[in-house]
Amino acid sequence: LSMPPILMEKYLAAAEIISEEAIVAGPSAKGPVKTWNSETLGPNAGGSPRGDGSLILTSESEIVVNYQFPRNANYVIRVRACGDQAGPDPARMAVRIDGKELKRFDVAAPSGKFQEFQFRQNLRGGLRRLSVAFLNDYYEPKAPDPKQRDRNLIVESIEVEGPLYSKGDPLPESHRRIIFTSPKTGNDVHRVAHTILDRFASRAYRRPVTEGEITKLTKLVDLAIQKGDPFERGIQLAVQAILISPQFLFRVELG
């Protein structure tokens, strides 16, 4: 059997997201990232598409995203924005959850010069209404300078990173089920990785795995550690490899 390259790319993207959500790679690890722009938001999200992937708010209104936050945890919210600047003040925006304002920013960047605004917030899991609001519309059609007649907020993207792991947070059940044992010393890494991946790959492949298959997977763990990444990051990489393997994606006829 075969599959189109675009489908393989989607399987790879899914494997990366799954492994990063299931396994915590340490307190400094990046979390899964979800990004929206005018091409990925629905027509009823708010704002008007500008043709460059951004949305413009020409009055005091908001762009809305409904997002399923996986669990109670810390998240980083990022917004890339700029403004058509006019009047005495810069464009001003607020980031809200379920209508409650979390953070307010002055967006002084001129049109086309997008600036990134971000903050970290502890949020409750579940389906939440995330929105970016334009707060200070200004319109003076008789201003002598045409560039000073209309203030608008332009949003290029909205991004959520997380859930993020902080020291002391309980590890998710998925992490504990996959990494059910941990190395006590550096000399123990290879043996523990072998044990973890043997069990996971055997279930994913629906059969006992061979020693050669396990050796290839544990090399990914060794590679991550050589680069200075934690043991858990190596297991993430090996899990990704398993989830895009033909042995997992296809049901192989044996015998």
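Remember, predicted model here, so these are calculated numbers, not experimental data.

### Re helix 4 (residues 211-226)
In this model, helix 4 (16 residues) spans 22 Å end to end at C-alpha, consistent with the 22 Å of a helix rising 1.5 Å per residue. Elements in contact with the buried residues of helix 4: helix 3 (189-205), helix 5 (231-243) and helix 6 (246-249). Positioned one or two residues after helix 4, G228 has a phi angle of 95°, which is positive.

### What about unusual backbone geometry?
Cis peptide bonds are those with omega within 30 degrees of zero, and the linkage from G162 to P163 qualifies with 10°. If you trace the backbone, P163 turns up in strand 11 (residues 150-164). Phi angles above zero are rare outside glycine, and D98 is one such case at about 50°. Of note, D98 is situated in the loop between strand 6 (91-97) and strand 7 (100-107). Of note in the backbone geometry, R206 takes a positive phi value of approximately 65° without being a glycine. The exposure class assigned to R206 is partly exposed, which follows from its relative accessible area of 36%.

### Re the pairing of strand 11
Buried residues dominate strand 11, accounting for 13 of its 15 residues. Judged from the four bridges that link them, strand 1 (residues 33-36) and strand 11 form a sheet pairing that is antiparallel. Looking at strand 11, one finds that K34 is bridged to V160. Here strand 3 (residues 55-57) pairs with strand 11 via three bridges, running antiparallel.

### Considering the sheet that holds strand 7
Taken together, four strands build an open sheet; the order of strands is 4-9-6-7 and the sheet is antiparallel. This sheet does not close on itself; its edge strands, each paired only once, are strand 4 (62-69) and strand 7. Strand-to-strand twist across the sheet, computed as the mean angle between neighbouring axes with direction ignored, equals 20°. The sheet contact formed by strand 6 and strand 9 (residues 126-134) spans five bridges and is antiparallel. Within strand 9, the position partnered with M93 by the bridge is F134.

### Considerations on the packing of helix 1 (residues 5-22) against helix 5
Contact pair helix 1 / helix 5: the axes reach a minimum separation of 9 Å and the direction vectors enclose 145°. Handedness of the crossing formed by helix 1 with helix 5: right-handed. Here helix 1 contributes A15, E16, I18, S19 and E20 to the contact with helix 5, which in turn contributes R233, Q236, V239, Q240 and L243. In the contact of helix 1 with helix 5, the residues fall into four nonpolar, three polar and three charged.

### Examining the side chain of R151
As for its position among the elements, R151 is in strand 11. At 4.7 Å, D89 is the nearest oppositely charged side chain to R151, a buried residue that forms no salt bridge. In terms of polar contacts, R151 uses its side chain to reach the backbone carbonyl oxygen of D89, at 3.0 Å. A polar contact is formed between the side chain of R151 and the backbone oxygen of N136, at a distance of 2.7 Å. Excluding its chain neighbours within four sequence positions, the residues that come into contact with R151 are D84, A86, G87, P88, D89, P90, A91, F134, N136, D137 and Y138.

### Looking at helix 1
Since the α-helix packs 3.6 residues into each turn, any two residues three or four apart lie on the same face. With 18 residues, helix 1 should reach 26 Å at 1.5 Å per residue; the first-to-last C-alpha distance of 26 Å fits that figure. Buried within helix 1 are the following residues: A15, S19 and A22. Axial view of helix 1: buried residues confined to an arc of 75°, hence all on one face. Set apart from the buried face of helix 1 by more than 90 degrees, the exposed residues are I6, E9 and K10. If you follow the buried residues of helix 1, they end up packed against helix 2 (173-178) and helix 5.

Calculation notes
- Residues numbered from 1 in each chain as written.
- Predicted model: local features only at pLDDT ≥ 70, side-chain atom pairs only at ≥ 80, totals over all residues.
- Heavy atoms only, no water.
- Helix = DSSP H or I, 4+ residues; strand = E, 2+ residues; numbered from the N terminus.
- Expected span 1.5 Å × (residues − 1).
- Contact = heavy atoms within 4.5 Å.
- Buried < 20%, exposed > 50% of the residue type's maximum accessible area, 1.4 Å probe, protein only.
- Pairing = 2+ DSSP bridges.
- Axes fitted to C-alpha atoms, helices over the stretch in contact; angles between N-to-C directions.
- Left-handed = near helix turned anticlockwise from the far one by under 90°.
- Nonpolar A, V, L, I, M, F, W, Y, C, P; charged D, E, K, R; others polar.
- Lys, Arg positive; Asp, Glu negative; His and termini not counted.
- Salt bridge = Lys/Arg side-chain N within 4 Å of Asp/Glu carboxyl O.
- Polar contact = N/O pair within 3.5 Å; in protein donor to acceptor, adjacent residues only side chain to side chain.
- Arc of directions from axis to C-beta.

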